[in-house]
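So you can see what is in the structure, the chains are spelled out below.
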Amino acid sequence: MKLSRWVVLLSLVVAAPAMAATDDAAAIRQVLADQQAAWNQGDVDTFMHGYKDAPDTTFVGSTVRKGYQAILASYRKHYANKAQMGRLTFSDVDVRLLPCAQGEVRYAVVTGRFHLDRSEHGEVAQDDGVYSLLWEKTAAGWKIILDHSS
(Lines give C-alpha, C1' and ligand atoms only; values in the text may rest on other atoms or scores of the structure.)
Protein backbone atom coordinates (compact mmCIF):
# COMPACT_ATOMS: atom_id res chain seq x y z
CA MET A 1 0.00 0.00 0.00
CA LYS A 2 1.33 3.39 -0.88
CA LEU A 3 2.18 5.84 1.86
CA SER A 4 -0.56 8.24 0.73
CA ARG A 5 -3.21 5.55 1.30
CA TRP A 6 -1.90 4.97 4.81
CA VAL A 7 -2.08 8.67 5.50
CA VAL A 8 -5.68 8.79 4.26
CA LEU A 9 -6.66 5.74 6.32
CA LEU A 10 -4.94 7.09 9.41
CA SER A 11 -6.63 10.46 9.01
CA LEU A 12 -10.03 8.71 8.78
CA VAL A 13 -9.34 6.71 11.94
CA VAL A 14 -8.26 9.85 13.80
CA ALA A 15 -11.18 11.91 12.45
CA ALA A 16 -13.87 9.30 13.27
CA PRO A 17 -14.04 10.05 17.01
CA ALA A 18 -14.09 13.79 16.33
CA MET A 19 -16.94 13.36 13.83
CA ALA A 20 -18.83 11.15 16.30
CA ALA A 21 -18.37 13.80 18.99
CA THR A 22 -19.69 16.46 16.63
CA ASP A 23 -22.66 14.22 15.80
CA ASP A 24 -23.39 13.61 19.51
CA ALA A 25 -23.22 17.31 20.35
CA ALA A 26 -25.44 18.11 17.35
CA ALA A 27 -27.93 15.43 18.42
CA ILE A 28 -28.15 16.93 21.91
CA ARG A 29 -28.60 20.42 20.49
CA GLN A 30 -31.38 19.06 18.26
CA VAL A 31 -33.20 17.60 21.28
CA LEU A 32 -33.00 21.02 22.95
CA ALA A 33 -34.33 22.68 19.78
CA ASP A 34 -37.18 20.16 19.66
CA GLN A 35 -37.96 20.82 23.33
CA GLN A 36 -37.97 24.56 22.75
CA ALA A 37 -40.33 24.17 19.78
CA ALA A 38 -42.68 21.90 21.74
CA TRP A 39 -42.73 24.30 24.70
CA ASN A 40 -43.48 27.24 22.42
CA GLN A 41 -46.43 25.31 21.01
CA GLY A 42 -47.75 24.72 24.53
CA ASP A 43 -47.01 20.98 24.30
CA VAL A 44 -45.55 19.81 27.63
CA ASP A 45 -45.92 16.13 26.71
CA THR A 46 -43.69 16.47 23.64
CA PHE A 47 -41.29 18.74 25.57
CA MET A 48 -40.84 15.86 28.03
CA HIS A 49 -39.64 13.52 25.26
CA GLY A 50 -36.19 15.01 25.92
CA TYR A 51 -36.17 13.36 29.36
CA LYS A 52 -35.50 9.69 29.99
CA ASP A 53 -38.74 7.96 30.95
CA ALA A 54 -37.40 6.34 34.11
CA PRO A 55 -38.15 6.41 37.84
CA ASP A 56 -34.68 7.79 38.64
CA THR A 57 -34.79 10.74 36.22
CA THR A 58 -34.40 13.76 38.50
CA PHE A 59 -35.33 17.44 38.36
CA VAL A 60 -33.74 19.81 40.89
CA GLY A 61 -35.31 23.25 41.21
CA SER A 62 -36.90 24.69 44.32
CA THR A 63 -37.52 21.03 45.25
CA VAL A 64 -36.24 17.66 44.06
CA ARG A 65 -38.57 15.61 41.90
CA LYS A 66 -37.76 12.02 41.00
CA GLY A 67 -39.29 10.11 38.15
CA TYR A 68 -40.47 11.03 34.70
CA GLN A 69 -44.15 11.06 35.69
CA ALA A 70 -43.51 13.30 38.73
CA ILE A 71 -41.56 15.77 36.59
CA LEU A 72 -44.30 15.78 33.95
CA ALA A 73 -46.98 16.34 36.62
CA SER A 74 -44.97 19.23 38.05
CA TYR A 75 -44.62 20.91 34.63
CA ARG A 76 -48.35 20.50 34.04
CA LYS A 77 -49.16 22.00 37.45
CA HIS A 78 -46.73 24.93 37.31
CA TYR A 79 -47.38 25.80 33.66
CA ALA A 80 -51.12 25.12 33.40
CA ASN A 81 -51.71 26.81 30.03
CA LYS A 82 -49.92 28.20 27.00
CA ALA A 83 -49.94 31.77 28.39
CA GLN A 84 -48.12 30.58 31.53
CA MET A 85 -45.66 28.61 29.42
CA GLY A 86 -44.93 31.57 27.17
CA ARG A 87 -42.08 31.53 24.69
CA LEU A 88 -38.94 29.65 25.74
CA THR A 89 -35.47 30.43 24.48
CA PHE A 90 -32.22 28.70 25.37
CA SER A 91 -28.91 30.55 25.14
CA ASP A 92 -25.24 30.11 26.02
CA VAL A 93 -25.61 26.37 25.44
CA ASP A 94 -22.40 24.46 26.17
CA VAL A 95 -22.27 20.72 25.42
CA ARG A 96 -19.47 18.72 27.07
CA LEU A 97 -19.27 15.06 26.13
CA LEU A 98 -17.96 12.73 28.84
CA PRO A 99 -16.04 9.82 27.32
CA CYS A 100 -15.46 6.71 29.43
CA ALA A 101 -12.03 5.10 29.77
CA GLN A 102 -12.49 3.24 26.47
CA GLY A 103 -13.32 6.49 24.68
CA GLU A 104 -17.02 5.72 24.16
CA VAL A 105 -19.33 8.63 24.94
CA ARG A 106 -22.45 7.64 26.89
CA TYR A 107 -22.95 10.78 28.99
CA ALA A 108 -22.81 14.53 28.47
CA VAL A 109 -23.19 17.66 30.56
CA VAL A 110 -25.01 20.63 29.08
CA THR A 111 -25.13 24.07 30.67
CA GLY A 112 -26.90 27.19 29.54
CA ARG A 113 -29.49 29.84 30.21
CA PHE A 114 -33.24 29.85 29.71
CA HIS A 115 -35.68 32.72 29.25
CA LEU A 116 -39.47 32.69 29.28
CA ASP A 117 -41.28 35.55 27.58
CA ARG A 118 -44.86 35.27 28.85
CA SER A 119 -47.91 37.26 29.77
CA GLU A 120 -49.15 35.09 32.66
CA HIS A 121 -47.47 33.55 35.66
CA GLY A 122 -48.80 30.50 37.42
CA GLU A 123 -47.09 29.08 40.47
CA VAL A 124 -43.67 29.80 38.98
CA ALA A 125 -42.79 33.47 38.67
CA GLN A 126 -39.21 33.00 37.46
CA ASP A 127 -38.66 33.94 33.82
CA ASP A 128 -34.88 33.64 33.56
CA GLY A 129 -32.33 31.23 34.91
CA VAL A 130 -29.52 28.81 34.34
CA TYR A 131 -29.51 25.06 33.98
CA SER A 132 -27.17 22.11 34.05
CA LEU A 133 -28.32 18.89 32.47
CA LEU A 134 -26.81 15.42 32.65
CA TRP A 135 -27.60 13.45 29.50
CA GLU A 136 -27.40 9.73 28.77
CA LYS A 137 -27.06 8.22 25.32
CA THR A 138 -29.81 5.60 25.15
CA ALA A 139 -31.20 3.32 22.47
CA ALA A 140 -33.87 6.00 21.96
CA GLY A 141 -31.27 8.75 21.56
CA TRP A 142 -29.88 11.35 23.97
CA LYS A 143 -32.07 11.84 27.04
CA ILE A 144 -31.88 14.09 30.10
CA ILE A 145 -31.45 12.08 33.31
CA LEU A 146 -30.74 15.00 35.68
CA ASP A 147 -31.99 18.56 35.28
CA HIS A 148 -30.85 21.26 37.72
CA SER A 149 -32.59 24.51 36.79
CA SER A 150 -32.52 27.66 38.89
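Residues numbered from 1 in each chain as written. Predicted model: local features only at pLDDT ≥ 70, side-chain atom pairs only at ≥ 80, totals over all residues. Heavy atoms only, no water.

A. Up close: the nonpolar core. Among the nonpolar cores identified, the biggest contains 29 residues, and W39, M48, Y51, Y75, V110 and W135 are the most heavily contacted of them. Those elements that provide at least two residues to this core are α1 (3-40), α2 (44-47), α3 (68-78), β3 (87-99), β4 (105-117), β5 (128-138) and β6 (141-149). Top element by residues in this core is α1. It accounts for six residues. In this structure, Y51 is in contact with Q35, T57, F59, Y68, Y75, K143, I144 and D147, ignoring residues within four places of it in sequence. (Core = buried A, V, L, I, M, F, W, Y, C linked by side-chain atoms within 4.5 Å. Buried < 20%, exposed > 50% of the residue type's maximum accessible area, 1.4 Å probe, protein only. Helix = DSSP H or I, 4+ residues; strand = E, 2+ residues; numbered from the N terminus. Contact = heavy atoms within 4.5 Å.)

B. Up close: the pairing of β3. Relative to β4, β3 runs antiparallel, the two being bridged by 11 bridges. Along β4, the bridge assignment pairs L97 with A108. What sits between the antiparallel neighbours β3 and β4 is a turn of five residues, in which G103 has the positive phi angle 95 degrees. (Pairing = 2+ DSSP bridges.)

C. Representation of unusual backbone geometry in the model. In this structure, D92 takes a positive phi of about 50 degrees despite not being glycine. Checked against the element boundaries, D92 lands in strand β3. The exposure class of D92 is exposed, given its relative accessible area of 57%.

D. Main features of the packing of aromatic side chains. Considering all chains together, one arrives at nine aromatic pairs under this definition. On the basis of an interplanar angle of 80 degrees and a centroid distance of 5.2 Å, the ring pair of F47 and Y75 is categorised as edge-to-face. Pair noted here: F47 is in helix α2 and Y75 is in helix α3, with a separation of 28 residues, a long-range link. Using a relative accessible area of 10% as the deciding quantity, one classes Y75 as buried. In this structure an aromatic cluster arises from ring pairing among W39, F47, Y51, F59, Y75 and Y79. (Phe/Tyr/Trp six-rings, centres within 6.5 Å; stacked < 30°, edge-to-face > 60°.)

E. Highlighting the pattern of salt bridges. Per the stated rule, a full pass over the model turns up six salt bridges. Of the charged contacts, one joins K52 and E136 as a salt bridge, the two residues approaching to 2.9 Å between their closest N and O atoms. Of this pair, K52 sits in the loop between α2 and β1 (58-60) while E136 is found in strand β5, placing the two residues 84 residues apart along the sequence. Relative accessible area serves as the criterion here: at 10%, E136 is assigned to the buried category. For R106, the salt bridge goes to E136, with nearest N and O atoms at 3.3 Å. Note that R106 is positioned in strand β4 and E136 in strand β5, a separation of 30 residues in sequence. By relative accessible area, which is 35% here, R106 ends up partly exposed. Salt bridges sharing common partners tie together K52, R106 and E136. (Salt bridge = Lys/Arg side-chain N within 4 Å of Asp/Glu carboxyl O.)

Geometry only, nothing functional implied.
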